[in-house]
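Okay, here's what each chain looks like letter by letter:
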Amino acid sequence: MRSVEIYTAPLCGYCHAAKRLLQQKGISYSEIDVGAQPALRQQMMARAHGRHTVPQIFIGETHVGGCDELYALDRAGKLDPLLAG
């Protein structure tokens with residue numbers, strides 16, 4: 001199983017939805033809260049090719065994008081193979 005990192009902010013509904021999907025699949029993840037830490041937000045933006053909204057999700061070295069992209073991968077049947085590596 002590939003590692004999953006998700007950059008989040010505390011009051012972000014999309015962040016909660018993305019984490020809920022991962023939890024429903026039994027996937028553990030590392031959460032990086034950028035809400036009060038500008039340096040971590042800058043790190044996220046560098047990794048996410050300038051995207052500044054949360055969540056930003058990484059599976060292994062692959063930048064998935066945000067919540068909508070995560071759910072789209074799942075609907076297309078591509079999320080589980082990506083997680084499996």
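Remember, it's a predicted structure, so these values are computed and weren't measured experimentally. (Residues numbered from 1 in each chain as written. Predicted model: local features only at pLDDT ≥ 70, side-chain atom pairs only at ≥ 80, totals over all residues. Heavy atoms only, no water.)

Now for the overall build of the chain. Regarding its fold elements, the chain presents four helices and four strands. Reading the secondary structure of the chain in the N-to-C direction produces β-α-β-α-β-β-α-α. Taken against the 2.2 N^0.38 rule, which gives 12 Å for 85 residues, the C-alpha radius of gyration of the chain at 12 Å falls within 12% of a compact globule. Referenced to the eigenvectors of the C-alpha coordinate spread, the extents of the chain come out at roughly 35 × 25 × 20 Å. Here the chain holds 85 residues, and the buried ones make up 38% of them. (Helix = DSSP H or I, 4+ residues; strand = E, 2+ residues; numbered from the N terminus. Rg over C-alpha atoms; globule rule 2.2 N^0.38 Å. Buried < 20%, exposed > 50% of the residue type's maximum accessible area, 1.4 Å probe, protein only.)

As a further point, take the pairing of strand 1 (residues 4–8). Two faces, one strand: in a regular strand the side chains alternate between the faces of the sheet. Most of strand 1 sits inside the fold, with four of its five residues counted as buried. In the sheet, strand 1 pairs with strand 3 (residues 56–59) via four bridges, with the strands oriented antiparallel. Opposite Glu-5, over in strand 3, you have Phe-58 as the bridge partner. Of the pairings in the sheet, the one linking strand 1 to strand 2 (residues 30–33) comprises four bridges and is parallel in character. (Pairing = 2+ DSSP bridges.)

Right, let's get into helix 1 (residues 13–24). Over its twelve residues, helix 1 runs 16 Å from end to end, which matches the ideal 16 Å to within 8%, given 1.5 Å per residue. Here helix 1 has its buried residues at Cys-15, Ala-17, Ala-18, Lys-19, Leu-21 and Leu-22. The secondary structure elements touched by the buried residues of helix 1 are strand 1, strand 2, strand 3, helix 3 (67–75) and helix 4 (79–84). Just downstream of helix 1, Gly-26 is the residue with a positive phi angle, here 75°. (Expected span 1.5 Å × (residues − 1). Contact = heavy atoms within 4.5 Å.)

Next up on the list: the environment of Asp-74. One can find Asp-74 in helix 3. By relative accessible area, which is 26% here, Asp-74 ends up partly exposed.

Scanning the model with the defined rule gives five salt bridges in all. For Asp-80, the salt bridge is made with Lys-25, and the minimal N-O distance between the two is 2.9 Å. In this pair, Asp-80 sits in helix 4 while Lys-25 sits in the loop between helix 1 and strand 2, placing the two residues 55 residues apart along the sequence. Between Arg-51 and Glu-69 there is a salt bridge whose closest N-O contact spans 3.4 Å. Residue Arg-51 is found in the loop between helix 2 (38–47) and strand 3, and its partner Glu-69 is found in helix 3; the two are separated by 18 residues along the sequence. (Salt bridge = Lys/Arg side-chain N within 4 Å of Asp/Glu carboxyl O.)

So, on to the nonpolar core. Judged by nonpolar contacts, the single largest core of 15 residues is most densely connected at Val-4, Ile-57, Ile-59 and Leu-70. When residues of this core are traced back to their parent elements, those giving at least two are strand 1, helix 1, strand 3, helix 3 and helix 4. No other element matches helix 1, which puts four residues into this core. Sequence-distant contacts of Leu-70, defined by excluding residues within four places in its chain, comprise Ala-18, Leu-21, Leu-22, Ile-57, Val-64 and Leu-79. Counting ten residues, the second-largest nonpolar core is a separate cluster that includes Val-34, Ala-48, Val-54 and Phe-58. (Core = buried A, V, L, I, M, F, W, Y, C linked by side-chain atoms within 4.5 Å.)

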